[in-house]
Amino acid sequence: MTRIRRGYIARRRRTKIRLFASSFRGARSRLTRTIIQQKIRSLVSSHRDRDRKKIDFRRLWITRINAVIRGNRVSYSYSRLIHNLYKRQLLLNRKILAQIAILNRNCLYMISNEIRS
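Residues numbered from 1 in each chain as written. Predicted model: local features only at pLDDT ≥ 70, side-chain atom pairs only at ≥ 80, totals over all residues. Heavy atoms only, no water.

Right, let's get into unusual backbone geometry. Even without being a glycine, Gln89 presents a positive backbone phi close to 60 degrees. Among the secondary structure elements, Gln89 is positioned in the loop between helix H3 (78-88) and helix H4 (94-103). When its relative accessible area of 68% is taken as the criterion, Gln89 is described as exposed. (Helix = DSSP H or I, 4+ residues; strand = E, 2+ residues; numbered from the N terminus. Buried < 20%, exposed > 50% of the residue type's maximum accessible area, 1.4 Å probe, protein only.)

Spelled out as structure tokens, the structure:
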């Protein structure tokens, strides 16, 4: 009986998986089952960390704004600043406020004084 040659579909699938894992170390780049497990874990981690990055940057912006506002030696806090911004319907997000706080503190002090009065 002659030997049956397998098709190329399974090999093509494994090659595609190996290309994904080519930068991994050890068995995670060589063994198909281990590659599949590691691929699932890495995709889960990347998805989770994309959300985590948004949270971390928001915390950083809030910390920067709060530090500059409290450094003004006035009994004024981040929460009051944001509350007054919403009351005055000023559309400045936290990222922009943090950039203003770092690059031009006097501008942030002017904004806080304007919305407070």
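Text resumes after the structure shown.
Let us look at the side chain of Ser29. Checked against the element boundaries, Ser29 lands in the loop between helix H1 (9-20) and helix H2 (32-70). Residue class for Ser29 comes out buried when judged on its relative accessible area of 17%. Reaching out from Ser29, the side chain makes a polar contact with the backbone oxygen of Gly26 at a distance of 3.0 Å. Among residues more than four places away in sequence, those in contact with Ser29 are Arg18, Ala21, Ser22, Phe24 and Ile35. (Polar contact = N/O pair within 3.5 Å; in protein donor to acceptor, adjacent residues only side chain to side chain. Contact = heavy atoms within 4.5 Å.)

Here we come to helix H5 (residues 105-116). For H5, which comprises 12 residues, the first-to-last C-alpha distance of 16 Å matches the rise-based estimate of 16 Å (1.5 Å per residue) to within 8%. For H5, the set of buried residues is Leu108, Tyr109, Ile111, Ser112 and Ile115. Projected down its long axis, H5 shows its buried positions confined to an angular sector of 160 degrees, all on one face. Residues Asn106, Met110 and Glu114 are exposed on H5 and point more than 90 degrees away from its buried face. (Expected span 1.5 Å × (residues − 1). Arc of directions from axis to C-beta.)

Another aspect to go through is a positive patch on the surface. On the surface, Arg6, Arg13, Arg14 and Arg18 cluster together into a positively charged patch. Mapping Arg13 onto the fold places it in helix H1. The partly exposed category is assigned to Arg13, whose relative accessible area is 44%. (Patch = residues over 30% accessible without salt bridge, like charges linked within 9 Å, V, L, I, M, F, W, Y side chains within 5 Å. Areas by Shrake-Rupley, 256 points an atom, 1.4 Å probe, with all protein chains shown as cover. Salt bridge = Lys/Arg side-chain N within 4 Å of Asp/Glu carboxyl O. Lys, Arg positive; Asp, Glu negative; His and termini not counted. Charge placed at Lys NZ, Arg CZ, Asp CG, Glu CD.)

Turning to a nonpolar patch on the surface, a few remarks are in order. On the surface, a cluster of nonpolar side chains totalling about 260 Å² of accessible area is made up of Ile36, Ile40 and Val44. Its location among the elements puts Val44 in helix H2. By relative accessible area, Val44 is classed as exposed at 51%.

Mean pLDDT for the chain: 91, with 97% of residues reaching 70 or above. When mean pLDDT is taken per element in the chain, H2 scores highest with 95 and H5 scores lowest with 87. (pLDDT = per-residue confidence, 0-100.)

Turning our attention to the packing of aromatic side chains. Two aromatic rings are characterised by how far apart their centres lie and by the angle between their planes. According to the stated counting rule, one finds 2 aromatic pairs in the structure shown. Look at Phe20 and Phe24: their rings are 6.1 Å apart centre to centre, the planes differ by 85 degrees, and that puts the pair in the edge-to-face class. Classification of Phe20 by relative accessible area gives partly exposed; the value is 34%. On the accessibility criterion, Phe24 (22% relative accessible area) is partly exposed. With a centroid separation of 6.0 Å and 40 degrees between ring planes, the pair formed by Phe57 and Trp61 is classed as tilted. Here Trp61 and Phe57 lie together in helix H2, a separation of 4 residues that amounts to about one turn. A relative accessible area of 40% places Phe57 in the partly exposed class. (Phe/Tyr/Trp six-rings, centres within 6.5 Å; stacked < 30°, edge-to-face > 60°.)

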